[in-house]
Amino acid sequence: MIKSHTILRSSVLAIAITLALGSLTGAANAEDTVTQNMADVRQETQIWTTYALSPYLRANDLRVSVQNGKATLTGTVDDGVTKDLATQIALGVDGIKDVDNQIVVNADFVPPAQSTTRSYGEAIDDASITAAIKAKLLWSKYASGLTTSVETKAGRVTINGTATSKQAKEAAQNLAMNTQGVLSVNNQIKVEASKPTLGDKTKSALSDAGTAISDAWITTKVNSTFLYSSNVHSGAISVATKDGVVKLTGKTQTGAERALAIELAQNVQGVKRVDAKALTHN
């Protein structure tokens, strides 16, 4: 009888352990499933957002789904290059191991009619243009004579404010027009007497920082100005600054591009002179 009770207790204990282990395994599997589902949603969102930001993909009728690291793309585009771009973007997302690109290429495809309101990608483009122009105006040697507001809609820029000279107004026009993505500039700046400045804080920081930091600041801002420019290939130009003298080296595609690079560098605050002897063109 005692032996029977011992066997029974052992059996009950074994069943309990088995059930407990099964519950733990089930909980672990459920947790893994939730984690994977969250990863899938994150990856879908990242791919779709990149499509929305891309000027080549945003107008197309594209859909994305992700399951266990595999992205499935569907929709229609008008050429194979755009289809390949969609694949490469998806593969660039962390965790995507495979892409099933079912996008149909149709040369006669007409993108869906666009809403009268700006798309997410267009709003980001306009905000980026506005930020780039504001930054370039702040870095400009004419900043002390400018008080401006910048607004961008569908690549069309409107600048309002005041300037203490015609040169400052024209510089604002040129800096805005030579910004990536800008289609037109409506320059509403009025030339008036001296107003509170855009660049006072920056100039104060530069004077307090000393020559070495000022040179580093100038080099950074010249590089950034080139990067934001639609007419200068920044990757082909090297910038170095010493005692306020900016040295440009490299090769531009045309003489007009070279001249613009020199002008943009000269317009940065703190630049005393631009040495462009080592900057050649084709």
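Below or above, wherever it landed, is the structure these notes cover. The model shown is predicted, which means the values in this text are computed figures rather than measured ones.

Quick look at the environment of Ala240 now. You can see Ala240 is positioned in strand β8 (residues 237–242). In the structure, Ala240 is positioned 24 residues away from Ala216 in sequence and 8.4 Å away in space, judged by C-alpha atoms. Setting aside residues no more than four positions away along its own chain, Ala240 makes contact with Thr219, Val245, Val246 and Lys247.

Positive phi is not limited to glycine here, since Asn68 has a value of about 55°. Tracing the chain through its elements places Asn68 in the loop between β1 (61–67) and β2 (70–77). Phi is positive for Ala154, close to 55°, though the residue is something other than glycine. Tracing the chain through its elements places Ala154 in the loop between β5 (146–153) and β6 (156–163).

With respect to topology, three strands assemble into an open sheet ordered β5-β6-β7, the strand pairing being mixed. The open sheet has two edge strands, β5 and β7 (184–191), and neither has a second partner. The sheet shows a mean angle of 10° between the axes of neighbouring strands, taken without regard to direction. Inspection of the sheet shows β5 paired to β6 by eight bridges, in the antiparallel sense. From the neighbouring strand, Leu146 faces β6, where its bridge partner is Ala163. Packing of helix α3 (residues 120–139) onto the sheet brings it into contact with β5 and β6, and relative to β5 it is tilted by some 165°. Seen against the sheet, helix α4 (residues 166–177) touches β5, β6 and β7 and runs at an angle of roughly 160° to β7.

Cut-offs and rules
- Residues numbered from 1 in each chain as written.
- Predicted model: local features only at pLDDT ≥ 70, side-chain atom pairs only at ≥ 80, totals over all residues.
- Heavy atoms only, no water.
- Helix = DSSP H or I, 4+ residues; strand = E, 2+ residues; numbered from the N terminus.
- Contact = heavy atoms within 4.5 Å.
- Pairing = 2+ DSSP bridges.
- Axes fitted to C-alpha atoms, helices over the stretch in contact; angles between N-to-C directions.

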